[in-house]
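Examination of the molecular architecture
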Amino acid sequence: MSDTPSNKSSNPAEASATRLADDVIAVQRAPSPTRSSSAYRAFGATLKGLRTTLARTLEKPTTIQYPEEKTPVYPRFRGRHKLHRFEDSGLEKCVGCSLCAAACPAECIRVVAAENTPEHQVSAGERYAAVYEINLSRCIFCGYCEVACPFDAITMGNDYELSDYTRSDLIFTKEMLLADPIERTPLRREGE
Amino acid sequence: MPRPTPNFVTFEIDGRDVTAPEGSMLVDGAKYGDVEIPVFCYEPKLGQPVGACRMCLVEIEGIPKLQTACSTPVRDGMVVITGSQRVKQAQNAIVEFLLVNHPLDCPVCDKGGECPLQDIAYGWGAGRSRFIEPKRHFEKPLELSPLIAIDRERCILCFRCVRFSQEISEDYQLTFLERADSTYVGTHHGHPYVAPFSGNIVDLCPVGALTSSAYRFRARPWDIENAGSICTICPSQCNVTFSVRDDMKVLRVFARDNAEVDDGWLCDRGRYGFQAIHSPERITRPKVKEGGTLREVSWDSALAAAAEGLRKAGAGTAALAGGETSNEEGFLLQRLMREGLGSPHVDSRASGPIEREHARALARPELAAMVSDIDHAGAVVVVDSELQDESPILDLRVRKAIRRLGVKVIVVGGRPGALDPPADAIVRTIPGGAEAALGGLAAALGEVEPADGAPADRRAPRDSSQTPVGGLDERQHGEPARQGESVEGGIDDLSRRAGTSAESVRNAAAILRAAGPVVVLWGERLSHGARGGAGVNALLALARALGIPETEGAGLIEVPAGTNARGLREVGCLPGLGPGLADAPSAGRAATEMASALGDELSALILLGADPLRTHPDRAAWTRALDAAGFVVAFSDFPTEALTEHADVILPLESYAEREGTITHPDGRLQRLRQAIGHPGDVRPVWSVLAELSARLGVPGAEGFLTSPMVSRALFDAVPFYAGLTLEEIGGKGKRWQERSAAAAAPAAPELPAPGDLDAPPEPLEPENGDLRLGTARSLWSGRETEHSPILRFLAPGQRVELSAEDGVRLGVASGDEVTVARNGSSVRGVAALRDGLPPASVYLYEGTAEGNATELLNGEATTVRVHKAAAE
């Protein structure tokens, strides 16, 4: 390239200008327009741009009609958490060990454990989570809770529609996390 | 036995030279060189190491086999290797072996996150196991007691809990049963392990085998914050840590090791009594009586009502400070009384006055022993106190001194106690006979001129700079010849009056004479009632005869009824003494006299955490007094009979986890209470309520108290021997004021009395018509902590009438029978318990129980009562 700064400063006239004062900036101007170049600028470039536009008008639209239509997410997308039960016994997988709370960098998980009794068997072990709350307004969706969980009791779901009207409504309780979520978010299909 | 001064030896560990005290075990010595050797079973607090777990194996040059570092003392020039391949292999193997049977249920286990086995398996284990065989299985979880759950699968058989039960608390209940991999920890007959100190095994357990039922599954270490403070439930004032969740809830209490106070142990009442803090019955809002019913009101109107009522009563106001009152609160209370209302009637003692000179003499630094002096004493005398019930941690301390340090123990008192079996001598008296017994002991110590000169020196007259102030006894004394004469026939007479044999007194004196420095643990009961002054005199005479003022490491330690009894005396909560034990401008009435004057000269009463119907003698007099009192302001945490029926204004009291301030240990150690949790409901700090009340009543400068440390500063300025003390200096481990230079400002006391100066104790009360002499005792478990903590409620005692077997036969009463104990028309019911060691013609009852409280029968005098089998209902 010819117009690098080093080339510019090697120009004797500008070098003398720099010598005159340090704060004078040499401006390199375009050549003064001629008639033909003016005509090209008025029509040629416009037509060039329109070619792209016109070519795209024939394609199908890519706009997704949110919220009627949802963007599908990838399988490992980290959305709203889910708590799980054993399919056979219906017992909660979570034993209330609090490891997710320990792992959570945003400190948005609160677990209060309690003891299972034969009359009130909630989880498979001796211990269960009497309170399990995630404050989703604080959650940064890093997925560490899922990694920390020794029983695969908590996983990150697909749901990303989490806005609400009050902050307190964003504290999800155990019942909300255990409930089968309304499948609002489609999963991206293979190869999509 | 003098305190040992450690010699240091230098040895080599992992290539570096380390200097450590001679005789310390390698595990401890290695810490001086920042080398950590993993251990499970080693715990220096439990005494001799056992080397049961083999985790601490190290290589020592010159010894072919690996050695256990926990049981090998360091030697000069020893070369130790902890990081060699051989050692690593051994450590990996031990962890692997321990995990052969240890379930990997850490997410469920309560110990997870604070588990030594987790840490050591992570740090020193191989990280994998080759065992695929099934693990052993036991039934789980089981209740070892209502307070402790045991999971036998997790037990690694380290011996710690068994050693605690066998060698520390000496209840001998826990043991290993069965053999090999069927071995498990249990009690001999499968009975629940209920003992005063059982909770300590939860702290000791290095795995999750023993867990506290109160804390079970409540939180993980990262869910809680630990806040250090002091347990104010009893005068032991153990240093504790509160585990707090969400800034508002105490989930557990565990020991904060302070060798000068508690040695790292806690009693179960202190460990589990915290549940009362969160009791739904607690008073959390101020109440004012309007038209006969108590109604919740705002603080402003409650304080206005209190101020108005007190202003009206003025100098006719009396105040009782409860035992758990902090120094700051006591200081503000006495200022409120003396400067705001012009009333001198403030008392912190329940059972009768203490003479000014006695209070000053007992505060003298040269008469004070510190708790750790018990360890290094020649002998310990326990007077009229059942330590296990009244100051439980001192009981463990004395047991340690006997078992491990060879200290002699002499028990003086009427009721057989837990320290009788290990005691070297017992002077068994009649109830109230301790005064005569101490007098006899003091006389017997002066009786024979000892062969070696040392004890004679002990009886040398005290420093003449101790000017007698008068009031106590101004007679000249101290000539040994006269002592010898006057007591020659005296010992037999005094022993008779004490209801004991002269032989046992002489035997005890012989032990004391041969022993080194003597620490006397005396129960406040000695100073109670009409003969209280004479009891203290006898104690001081014994101190003189033992040469306590001149002997390093000797001294007296009081076992008071109230937690902060010493602090409250020193800040001026006595009727005749202001801050610093200086004479108050005018002498007021003691608690016992208030009861008779209320409704007469006194018209209003302030109860600061005190419940006279529960803890003060002569319940009938107090019931009448509360009826007669025109205006009662009560600071209280739980609604009691005294409050609901008699209080006009109830102000909620803080719990000890909410309190800020200082308290003083019976040995003079000031300790800091630090707020661990927020105040529930509308509870406000008591110091701030007292300051505001004082301001409303015109106490100068009371508006200036904006924080608790400002009150502390004013208090330290007001007490000459606390001068210059700061909260920073007190710090986490406390500071004994006797050890500071300001201690020179402690008020002078008159010379200690000699045995010959003592008044003759009264003739023993001769019971007529088969009556029995009444003595009282306290139970560790009577109190609001037991009644309001769900987990401890099963321990709340009913009234227990302790009789000698002989009297039981005579009265036709067997253990377990319902009996009635009556005196002058008042009577209490209780369950009879026949005890072997109890002398005949005595009966012991509990004070402070919810039902059938012995205070109904007390009036400060020695009394006899009639016991008979209750009529079947």
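The rules behind each value
Residues numbered from 1 in each chain as written. Chains lettered and ligands numbered in written order. Predicted model: local features only at pLDDT ≥ 70, side-chain atom pairs only at ≥ 80, totals over all residues. Helix = DSSP H or I, 4+ residues; strand = E, 2+ residues; numbered from the N terminus. Buried ≥ 20, exposed ≤ 12 C-beta atoms within 10 Å, placed from the backbone. Contact = placed C-beta atoms within 7 Å. Rg over C-alpha atoms; globule rule 2.2 N^0.38 Å. Expected span 1.5 Å × (residues − 1). Pairing = 2+ DSSP bridges. pLDDT = per-residue confidence, 0-100. UniProt positions renumbered as here; feature names shortened; annotations may be inferred. Axes fitted to C-alpha atoms, helices over the stretch in contact; angles between N-to-C directions. Parallel < 35°, antiparallel > 145°, perpendicular 65-115°, else oblique. Left-handed = near helix turned anticlockwise from the far one by under 90°. Nonpolar A, V, L, I, M, F, W, Y, C, P; charged D, E, K, R; others polar. Domains from an automatic or database assignment. Core = buried A, V, L, I, M, F, W, Y, C linked by C-beta atoms within 7 Å.

1. Things to note about the overall build of chain A
In terms of regular secondary structure, chain A is built from 6 helices and 5 strands. In chain A, the succession of helices and strands from N to C terminus is α-α-α-β-α-β-β-α-β-β-α. In chain A, which comprises 192 residues, the share counted as buried stands at 18%. Residue pairs in contact within chain A that sit at least 24 positions apart in sequence constitute 70% of those at least 6 positions apart.

2. Remarks on the overall build of chain B
On a plain count of helices and strands, chain B comes out with 28 helices and 34 strands. The C-alpha radius of gyration computed for chain B amounts to 28 Å, which stays within 12% of the reference 29 Å derived for 873 residues, consistent with globular compactness. By its C-alpha atoms, chain B is 85 × 70 × 65 Å across when sized along the principal axes. Out of the 873 residues in chain B, the part that is buried amounts to 58%. Counting only contacts in chain B whose residues sit at least 6 apart along the sequence, the fraction spanning at least 24 positions is 74%.

3. Details of helix H12 (residues 392-405) of chain B
Residues and elements named next belong to chain B. Taking 1.5 Å per residue, 14 residues should reach 20 Å; H12 reaches 19 Å between its end C-alpha atoms and fits that length. Among the 14 residues that make up H12, 10 are buried, leaving the element largely enclosed by the rest of the structure. When we look at burial in H12, the residues that qualify are Pro392, Ile393, Leu394, Asp395, Leu396, Arg397, Val398, Arg399, Lys400 and Ala401.

4. Some words on the pairing of strand E18 (residues 379-383) of chain B
Residues and elements named next belong to chain B. The element E18 is largely enclosed, with a buried count of 5 among its 5 residues. In E18, alternate side chains face the same way, and those of Ala379, Val381 and Val383 on one face and Val380 and Val382 on the other are all buried. Where E18 and strand E19 (residues 408-413) come together, 5 bridges link them in parallel fashion. Across the sheet, Val380 pairs through a bridge with Val409, a residue of E19. Bridge analysis of E18 against strand E21 (residues 518-523) gives 5 bridges, and the strand direction is parallel. Considered in E21, the bridge of Val382 is made with Leu521.

5. With respect to the confidence of the model for chain A
Residues and elements named next belong to chain A. When pLDDT is averaged along chain A, the result is 85, and 88% of the positions lie at 70 or above. Note on residues 1-10: pLDDT is under 50 here. Beyond four places in sequence and across chains, it has 9 contacts. Counting contacts from residues 13-18, a segment whose pLDDT is below 50, to residues more than four positions away or on other chains yields 8 contacts.

6. Things to note about the UniProt feature "binding site: [4Fe-4S] cluster 1" (unreviewed entry) in chain A
Residue and element names in this part refer to chain A. UniProt records the feature "binding site: [4Fe-4S] cluster 1" (unreviewed entry) at Cys94, Cys97, Cys100 and Cys149, using the numbering of this structure. Taken along the chain, the residues just named run across 56 residues; in space they keep tight, none of their C-alpha pairs more than 10.4 Å apart. Relative to the helices and strands, Cys94 is located in the loop between strand E1 (81-83) and helix H4 (99-103). If sequence neighbours within four positions are ignored, Cys94 has contacts with Leu83, Ser123, Ala129, Tyr132, Phe151, Ala153 and Ile154. Within the secondary structure layout, Cys149 lies in the loop between helix H5 (144-148) and strand E4 (154-156). With near-sequence residues (within four places) excluded, Cys149 lies in contact with Leu99, Cys100 and Ile154.

7. Describing the packing of helix H7 (residues 299-313) of chain B against helix H24 (residues 686-696) of chain B
All names here are of chain B. Relative orientation of the contacting elements H7 and H24 amounts to 50°, with a least axis distance of 10 Å. Overall, the two elements H7 and H24 adopt an arrangement that is oblique. The interaxial crossing formed by H7 with H24 has right-handed handedness. Contacts from Leu303, Ala306 and Ala307 of H7 reach H24 at Glu692, Leu693 and Arg696. Classifying every residue of the contact of H7 with H24 by side-chain character gives 4 nonpolar, no polar and 2 charged.

8. What to know about the sheet that holds strand E26 (residues 661-664) of chain B
Residue and element names in this part refer to chain B. Taking strand neighbours across the sheet as the criterion, the 3 strands line up as E26-E27-E28 in an open arrangement whose pairing is antiparallel. Unpaired on one side and paired on the other, E26 and strand E28 (735-736) mark the two borders of the sheet. Relative to strand E27 (residues 669-673), E26 runs antiparallel, the two being bridged by 4 bridges. Note that in E27 the partner of Ile663 across the bridge is Gln671.

9. Looking at the sheet that holds strand E6 (residues 142-145) of chain B
Residue and element names in this part refer to chain B. Strand order in the open sheet made by the 3 strands is E6-E7-E10, with antiparallel pairing throughout. Edge positions in the open sheet fall to E6 and strand E10 (210-212), since each of these has one partner strand only. Recorded for the sheet is a direction-independent mean angle of 40° between the axes of neighbouring strands. Relative to E10, strand E7 (residues 148-150) runs antiparallel, the two sharing 3 bridges. The residue bridging Ile148 from the neighbouring strand is Ser212, located in E10.

10. Observations concerning the UniProt feature "binding site: [4Fe-4S] cluster 2" (unreviewed entry) in chain A
Residue and element names in this part refer to chain A. With numbering aligned to this structure, UniProt lists the feature "binding site: [4Fe-4S] cluster 2" (unreviewed entry) at Cys104, Cys139, Cys142 and Cys145. With the annotated positions falling across 42 residues, the maximum pairwise C-alpha distance of 10.6 Å places them together in a single cluster. With sequence-adjacent residues up to four places away left out, Cys139 is seen in contact with Ala106, Cys108 and Ile134. Locating Cys145 in the fold gives a position in helix H5.

11. Focus on the packing of helix H16 (residues 490-498) of chain B against helix H17 (residues 502-514) of chain B
Any two packed helices are characterised by how steeply their axes cross, that is the angle between the axes, and by the distance between the axes. All names here are of chain B. Interhelical geometry of H16 versus H17 gives an angle of 115° and a closest axis separation of 8 Å. Relative to H17, the element H16 is oriented roughly perpendicular. In the packing of H16 onto H17, the handedness of the crossing is right-handed. Residues Ile491, Asp492 and Ser495 of H16 lie in contact with H17, whose contacting residues are Ala502, Val505 and Arg506. Split into classes, the residues belonging to the contact of H16 with H17 amount to 3 nonpolar, 1 polar and 2 charged.

12. Quick look at the domain arrangement of chain B
All names here are of chain B. Assigned domains of chain B: these are domain 1 (8-83), domain 2 (137-278), domain 3 (287-351 + 564-733), domain 4 (357-461 + 477-559) and domain 5 (772-869). One C-alpha centre belongs to domain 2, the other to domain 3; they are set 35 Å apart. Taken together, the contacts link 19 residues of domain 2 with 17 residues of domain 3. Residue assignment for the side of domain 2 that touches domain 3 shows that the elements contributing at least two residues are strand E11 (224-230), strand E12 (239-245) and strand E13 (249-255). Of the residues forming the side of domain 2 that touches domain 3, the biggest block, 4 residues, is contributed by E11. Per-class residue counts for the side of domain 2 that touches domain 3 are 11 nonpolar, 5 polar and 3 charged.

13. Section: the nonpolar core
B:Val380, B:Ile410, B:Val518, B:Leu521 and B:Leu542 are the most contacted members of the largest nonpolar core, which totals 245 residues. If near-sequence neighbours (up to four positions away) are discounted, B:Leu542 is found in contact with B:Leu438, B:Leu441, B:Ala442 and B:Val520. Membership of the second largest hydrophobic core comes to 26 residues, among which are A:Leu83, A:Leu99, A:Ile109 and B:Cys109.

14. Structural notes on unusual backbone geometry
A:Tyr66 connects to A:Pro67 through a cis peptide bond whose omega is 0°. Checked against the element boundaries, A:Pro67 lands in the loop between helix H3 (35-56) and E1. The step from B:Lys140 to B:Pro141 runs through a cis peptide bond, and the omega angle for that step is -15°. Tracing the sequence through the fold places B:Pro141 in the loop between helix H3 (116-124) and E6. Backbone geometry places B:Asn824, a non-glycine residue, at a positive phi of 45°. Along the chain, B:Asn824 turns up in the loop between strand E31 (818-823) and strand E32 (826-835). Looking at B:Asn824, the number of C-beta atoms within 10 Å reads 11, which means it is exposed.

15. Side note on the confidence of the model for chain B
All names here are of chain B. Mean pLDDT over chain B: 90, with 95% of residues reaching 70 or higher. Within chain B, the lowest mean pLDDT, 41, falls on helix H14 (residues 454-458), and the highest, 97, falls on E18. The low-confidence segment residues 449-488 (pLDDT under 50) makes 58 contacts with residues lying over four places distant or belonging to another chain.

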